[in-house]
Amino acid sequence: MNDRLLGIVAFVQSAEAGSFAVAADRLGVTRSAIGKRIARLEQQLGARLFHRSTRRQSLTDDGQAYYERCVKALAELDAAEAALDTSRREPSGRLRISAPVLFGRHCVAPVILELARRHPKLDIDLSFNDRVVDLVEEGYDLGIRIGRLPDSATLAARRLTEENLGICAAPEYLARRGLPREVDDFRGHDAVIYGRHGQNVSWRLRDANGQVREPEVQARLRFDDLQAIADAAIAGAGLAMLPCWLLSRYVRSGELQMVMHADRVVGSRISAIWPHTHYLPLRTRAAIDLLVERIPALVGLDGVRLREAA
């Protein structure tokens, strides 16, 4: 890539990020390298592109006009690259993926390892994080989300599967407090729930008539980590709602018992999301297709029903 094109890429990334440091992180170079590339570009153009301060950069009028044209030009280059990708039929290049921590380790990482084995020309970065990552701002090609997706004009999405959830508890807890069989029976039971940033994830159960209701439980413990919730439930702290891909091993070992199975617990959608583009690179499409193929089996019930509490 020649110096001028390097400068244009650095300029566009810096304009979109509002920061040379963030642009440097996206491109895998130092902040000083970004500054030098943009300085050379400004010298070549004979125009100042940024208003600079110690904390943030903003575009000048000339910079804004130049940015709009550069974005269109780079889009054409992306289209040309996508066309070559399609003709080669071999995914290649760098692919950055973001996934939730525990789900990512258990279910996404095995798929990405298979993707890497299938396509040796791919260079893959898989990041685990439970916060809502801004794919565009942070330079990710693909993200995995669990739950409802907000409307977005900048992101595209594809459903991977539905996450099966179950209500479970330690045998010791159920022997002491009793086994709730219907939604009304949950009243007064202790619960370990998922909470993050002051927001609790609601339990939504289907009653005997098929109506979706929220049980009345005493949420005495709140964690923002699923493994911590499972550990607390095993220790007898109360009922817990967990994904079946996590709780199945504990049901098989007898450390937990199913209280209410996935057919009574409203699950969550698992989706792949990516920055909206008219030309989806082959490397991203290959990852999405393999996730669609493999994730449903990895989050399956895995024999959990066989050990429901009696």
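Note: the structure precedes this text.
Residues numbered from 1 in each chain as written. Predicted model: local features only at pLDDT ≥ 70, side-chain atom pairs only at ≥ 80, totals over all residues. Heavy atoms only, no water.

Points about the overall build of the protein
Turning to step 1, where the next piece is worked out: Of regular secondary structure, the protein possesses 10 helices and 15 strands.
Turning to step 2, where the next piece is worked out: In terms of overall dimensions, the protein is more spread out than a globule: its C-alpha atoms have a radius of gyration of 24 Å, far above the 19 Å expected for 310 residues.
Turning to step 3, where the next piece is worked out: Projected onto its principal axes, the C-alpha positions of the protein cover 80 × 45 × 35 Å.
Turning to step 4, where the next piece is worked out: Expressed as a percentage of the 310 residues in the protein, the buried residues total 42%.
Turning to step 5, where the next piece is worked out: Long-range contacts, defined here as pairs at least 24 residues apart, represent 75% of the contacts in the protein between residues at least 6 apart.
Turning to step 6, where the next piece is worked out: As displayed, the protein offers around 16,300 Å² of accessible surface, 48% of which is attributable to carbon and sulfur atoms.
Turning to step 7, where the next piece is worked out: Across the protein, the 44 positively charged side chains and the 40 negatively charged ones have centroids separated by 2 Å. (Helix = DSSP H or I, 4+ residues; strand = E, 2+ residues; numbered from the N terminus. Rg over C-alpha atoms; globule rule 2.2 N^0.38 Å. Buried < 20%, exposed > 50% of the residue type's maximum accessible area, 1.4 Å probe, protein only. Contact = heavy atoms within 4.5 Å. Areas by Shrake-Rupley, 256 points an atom, 1.4 Å probe, with all protein chains shown as cover. Lys, Arg positive; Asp, Glu negative; His and termini not counted. Charge placed at Lys NZ, Arg CZ, Asp CG, Glu CD.)

Some points on the packing of aromatic side chains
Turning to step 1, where the next piece is worked out: Tallied over the entire structure, the rule returns five aromatic pairs.
Turning to step 2, where the next piece is worked out: With a centroid separation of 5.5 Å and an interplanar angle of 40°, the aromatic rings of F11 and Y66 are classed as tilted. Of this pair, F11 sits in helix 1 (residues 3-17) while Y66 sits in helix 4 (residues 61-88); the two residues are 55 residues apart in sequence, bridging distant segments of the chain. Each member of the pair, F11 as well as Y66, is classed as buried.
Turning to step 3, where the next piece is worked out: With centroids separated by 6.5 Å and ring planes inclined at 75°, the aromatic side chains of F11 and Y67 adopt a geometry described as edge-to-face. Of this pair, F11 sits in helix 1 while Y67 is found in helix 4, placing the two residues 56 residues apart along the sequence. For the pair shown, F11 and Y67 are each scored as buried.
Turning to step 4, where the next piece is worked out: Each member of the aromatic cluster is reached from another via a ring pair, and the members are F11, F20, F50, Y66 and Y67.
Turning to step 5, where the next piece is worked out: Positioned above the aromatic ring of Y140, the side-chain terminus of R96 is 4.2 Å from the ring centre. (Phe/Tyr/Trp six-rings, centres within 6.5 Å; stacked < 30°, edge-to-face > 60°. Lys NZ or Arg CZ within 6 Å of the ring centre and 35° of its normal.)

Here we look at the sheet that holds strand 4 (residues 122-128)
Note on sheets: strands pair through backbone hydrogen bonds, and any given pair is parallel or antiparallel.
Turning to step 1, where the next piece is worked out: Strands sit in the order 4-3-5-15-6 across an open sheet of five strands; the sheet is mixed. Because the sheet does not close on itself, it has two edges, and the strands there are strand 4 and strand 6 (155-163). Ignoring which end each strand starts from, the neighbouring axes of this sheet average 20° apart.
Turning to step 2, where the next piece is worked out: Helix 10 (residues 282-298) rests against strand 3 (93-99), strand 4, strand 5 (142-146), strand 6 and strand 15 (268-275) of the sheet, and its axis sits at about 15° to strand 6. (Pairing = 2+ DSSP bridges. Axes fitted to C-alpha atoms, helices over the stretch in contact; angles between N-to-C directions.)

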